[in-house]
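Reading the structure
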Amino acid sequence: MPALVWMRRNLFNGIASSLATLVALYLLLRGLWAVLRWGVLDAVWSAPDGRTCRALGGGDGACWAFIGHWYRFIIFGRYPYAEQWRPALVIVLFMALVLASCDPRLWRRGALLGAIWVAGLALCFALMHGGVAGLPVVTTDLWNGLPLTLMLAVLGLVFAFPLAVLLALGRRSHLPIMRALSVGYIELVRGVPLITVLFMASVMLPLFLPAGVNIDNLARAQAALAFFYAAYLAEVIRGGLQAIPRGQYEAADALGLSYWQKTGRVILPQALTIAIPPLVNIFIAAFKDTTLVTIVGLLDLLTTAGNAITDPQWRGFYVEAYTFVAAIYFVFCFFMSRYSRSLERSLGR
Amino acid sequence: MSEVPMIALDRVEKRFGAFHALKGVSLSVARGEKVVICGPSGSGKSTVIRCVNRLERHDAGRIAVDGRELTDDPKQIEAVRREIGMVAQQFNLFPHLTVMQNLTLAPVRVRGMKPAEAEALALHFLERVHIPEQAAKYPGQLSGGQQQRVAIARALAMRPKAMLFDEPTSALDPEMIKEVLDVMVSLAEEGMTMIVVTHEMGFARRVADRIVFMDAGQIVEESPPAEFFSAPKSERAQLFLSRILGH
């Protein structure tokens, strides 16, 4: 029995080890039991209002009825209730776009991939904004919750990535001006907290614009995120570039490939593969950092959840609200983490 | 036939910081000629051929390939590189591409060949280096000798007018050296212009029209192999030969 042998070697290897295993096991089971009781056994699944829900739960159980009442607000925020099928469709579209782009076979067909993204994003925008095909217009201040969070993260990274590649190449360029510009940009952005960049985009930028010119607050925050992420991605990509042996550059040169052919066909594919783990690390961090947009008045997923618990009828169910939001974040981040591992395996030859 | 040499170096100088790597090297290689460069390590052998396709920029002197002079003009450099194949000690195959993709990349991208045409050509050269069955594999799945033969086929797929070999067997296990040298011998027999930096004196004796012996950044001696091996003129060449043939 290999399992028994393993247990004996790793869990019950002597008196102290056995004791530690039993104590840990006890604490683990107790913790799990408490969670199970709170989340399932003693939980209240439906109730007309918060007071009834508390009474039914006896104070020990979760009140999932709160989520039942408020999940649409948490996910879609103030987007008009009757039109919420539109952001729902946008969420699905976003996920489909990302999932489709996860297939390495599509990366070789850059034009097709680009066309899919342009079409997909145009469709998303049309759905969210309306004004076409008889859809009522919904202004960007009502784009809240999960669609906003996904949009900020996905678009932020999609726009940041090409810029990051150029910055990383620029930092290793032989041209002094390119190098100075890249280094200056990266160091400047990395030296400033994201909150500051968001504030600048939201509060200071309009002061510099000529009168009458008005850029949407959401667009400004979106651009700020993209420019911010680019600096971090650039450094990770530079790390990948540095790992490519000189012989690869020389072999490409010796075959007569131009700089861009060499970079696009030989160097970058290898450098980006090497950089997958730190890249995904940044993707995950960036996804969660979008919650900071709340300070410039955007209602992302975390903020809508925070707003839901201020309702007088349902005041104070913050554990339920944040558990719900945490679960959504976890699903997305866990997917990114698993995907990066499978990608490393399939590309790592 | 034109009288223009395939490769001509005229008083070429190269410094790496304080190190004077090439001290006025002049060398002329005619069309179809096979030249083997030998000499102790650090003598500048590799630097010479790396200057010929501009992997290193020479500081002074002139280098011309098929009458086209190497200048700082990138167009000129790319034109020269298209006409010259290079095989390096470390193979330098592209590990993320299959053998076939390694061979078709430059013909398609640089020569503008159609993919199907490039694949047919690639297969032809893989047959010449005796490994057509490895076309779908990745370089990491091949032995060192196989990888080096793929590297030769990759250079040939550009249909170069001349080939440069920079110690092509130095990184190989002894039992794999022969398979690579055999390919190079047959290439030489077909009339390819070649400059080979190598320590394989058997190969040099058999294939070279001329042996160029270098030491300390200079060409010390140039002679046909029979003469070089039986009666080296310079003391340094005598010492070098006694060291590498002496056991």
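Attention in this report is confined to the structure presented alongside it.

About the cut-offs
Residues numbered from 1 in each chain as written. Chains lettered and ligands numbered in written order. Predicted model: local features only at pLDDT ≥ 70, side-chain atom pairs only at ≥ 80, totals over all residues. Heavy atoms only, no water. Disulfide = S-S within 2.5 Å. Helix = DSSP H or I, 4+ residues; strand = E, 2+ residues; numbered from the N terminus. Buried < 20%, exposed > 50% of the residue type's maximum accessible area, 1.4 Å probe, protein only. Pairing = 2+ DSSP bridges. Phe/Tyr/Trp six-rings, centres within 6.5 Å; stacked < 30°, edge-to-face > 60°. Polar contact = N/O pair within 3.5 Å; in protein donor to acceptor, adjacent residues only side chain to side chain. Contact = heavy atoms within 4.5 Å. Core = buried A, V, L, I, M, F, W, Y, C linked by side-chain atoms within 4.5 Å. Patch = residues over 30% accessible without salt bridge, like charges linked within 9 Å, V, L, I, M, F, W, Y side chains within 5 Å. Areas by Shrake-Rupley, 256 points an atom, 1.4 Å probe, with all protein chains shown as cover. Salt bridge = Lys/Arg side-chain N within 4 Å of Asp/Glu carboxyl O. Buried area = accessible area lost by both parts, 1.4 Å probe. Nonpolar A, V, L, I, M, F, W, Y, C, P; charged D, E, K, R; others polar.

**Let's talk about the state of the cysteines**
- As enumerated under the stated definition, the model contains one disulfide over all chains in all.
- Between the sulfur atoms of Cys-53 of chain A and its disulfide mate Cys-63 of chain A the distance is 1.8 Å. An S-S torsion of about 115° defines the bridge between Cys-53 of chain A and Cys-63 of chain A as right-handed. Pair noted here: Cys-53 of chain A is in helix H3 (residues 50-57) and Cys-63 of chain A is in the loop between H3 and helix H4 (64-76), with a separation of 10 residues, a long-range link. Judged on exposure class, the residue Cys-53 of chain A and its partner Cys-63 of chain A are both buried.
- For Cys-333 of chain A, which is in no disulfide, the shortest distance to another cysteine sulfur is to Cys-102 of chain A and amounts to 14 Å.
- Of all cysteine sulfurs, the one in Cys-51 of chain B lies closest to Cys-38 of chain B, which takes part in no disulfide; the gap is 19 Å.
- Judged by its relative accessible area of 0%, Cys-38 of chain B is buried.

**Some thoughts on the pairing of strand E1 (residues 7-16) of chain B**
All names here are of chain B.
- When E1 meets strand E2 (residues 19-29), the two strands line up antiparallel, connected through eight bridges. Paired with Arg-15 across the strands is His-20, a residue of E2.
- The turn linking E1 back onto E2 is made up of two residues, and Gly-17 within it adopts a positive phi angle of 60°.
- By the bridge criterion, five bridges tie E1 to strand E4 (residues 60-65) in an arrangement that is antiparallel. From the neighbouring strand, Leu-9 faces E4, where its bridge partner is Ile-63.

**Considerations on the packing of aromatic side chains**
Residue and element names in this part refer to chain A.
- Tallied over the entire structure, the rule returns 16 aromatic pairs over all chains.
- Note on Trp-314 and Phe-317: the rings are 5.9 Å apart at their centroids and 55° apart in plane angle, and the pair reads as tilted.
- Since its relative accessible area comes to 4%, Trp-314 is described here as buried.
- Where Phe-330 meets Phe-334, the ring centres are 5.3 Å apart and the plane angle is 15°; that geometry is what we call stacked. In this pair, Phe-330 and Phe-334 are both assigned in helix H16 (residues 318-347), four residues apart and thus about one turn of the helix distant.

**Focus on the side chain of Asn-144 of chain A**
Residue and element names in this part refer to chain A.
- Of note, Asn-144 is situated in the loop between helix H7 (110-129) and helix H8 (145-171).
- Separated by 3.2 Å, the side chain of Asn-144 and the backbone oxygen of Asp-141 make a polar contact.
- Among all residues touching Asn-144, those that are not within four sequence positions of it are Ile-75, Phe-76, Gly-77, Arg-78, Tyr-79, Leu-299 and Thr-304.

**Re the nonpolar core**
- Within the largest apolar cluster, 106 residues are counted, with the highest numbers of intra-cluster contacts made by Phe-66 and Leu-241 of chain A.
- Sort the elements by how many residues they give to this core and H8 of chain A lands first, with 15 residues.
- Once you skip the residues sitting within four places of it in the chain, Leu-241 of chain A turns out to touch Ala-168, Leu-169, Arg-172, Tyr-249, Ile-267, Leu-268 and Ala-271 of chain A.
- Counting 52 residues, the second-largest nonpolar core is a separate cluster that includes Leu-103, Leu-126, Ala-153 and Ala-237 of chain B.

**With respect to a nonpolar patch on the surface**
Residue and element names in this part refer to chain A.
- A cluster of nonpolar residues, Met-1, Leu-4, Trp-6, Met-7, Phe-12, Leu-22, Leu-25, Leu-28, Leu-29 and Leu-32, forms a patch on the protein surface that exposes about 1100 Å² of accessible area.
- Only helix H1 (2-10) and helix H2 (15-41) provide two or more residues apiece to the nonpolar patch.
- In terms of residue count, H2 provides more of the nonpolar patch than any other element does, five residues in total.
- Structurally, Leu-28 can be placed in helix H2.

**Description of the side chain of Gln-222 of chain A**
- Counting through the fold element by element, Gln-222 of chain A comes out in helix H11 (residues 217-242).
- If near-sequence neighbours (up to four positions away) are discounted, Gln-222 of chain A is found in contact with Met-151, Leu-152, Leu-155 and Gly-156 of chain A.

**Some points on the interface of chain A and chain B**
- At the interface, 18 residues of chain A touch 20 residues of chain B.
- In this assembly, chain A packs against chain B so that about 1900 Å² is buried in total across both faces, 57% of it on carbon and sulfur atoms.
- Applying the counting criterion to the chain A and chain B interface returns three salt bridges.
- Where chain A touches chain B, the interface holds six residue pairs in polar contact (both at pLDDT 80 or more).
- Per-element tally for the side of chain A that touches chain B: the top contributor is helix H12 (residues 246-254) of chain A, with eight residues.
- Residue composition of the side of chain A that touches chain B, grouped by class: seven nonpolar, six polar and five charged.

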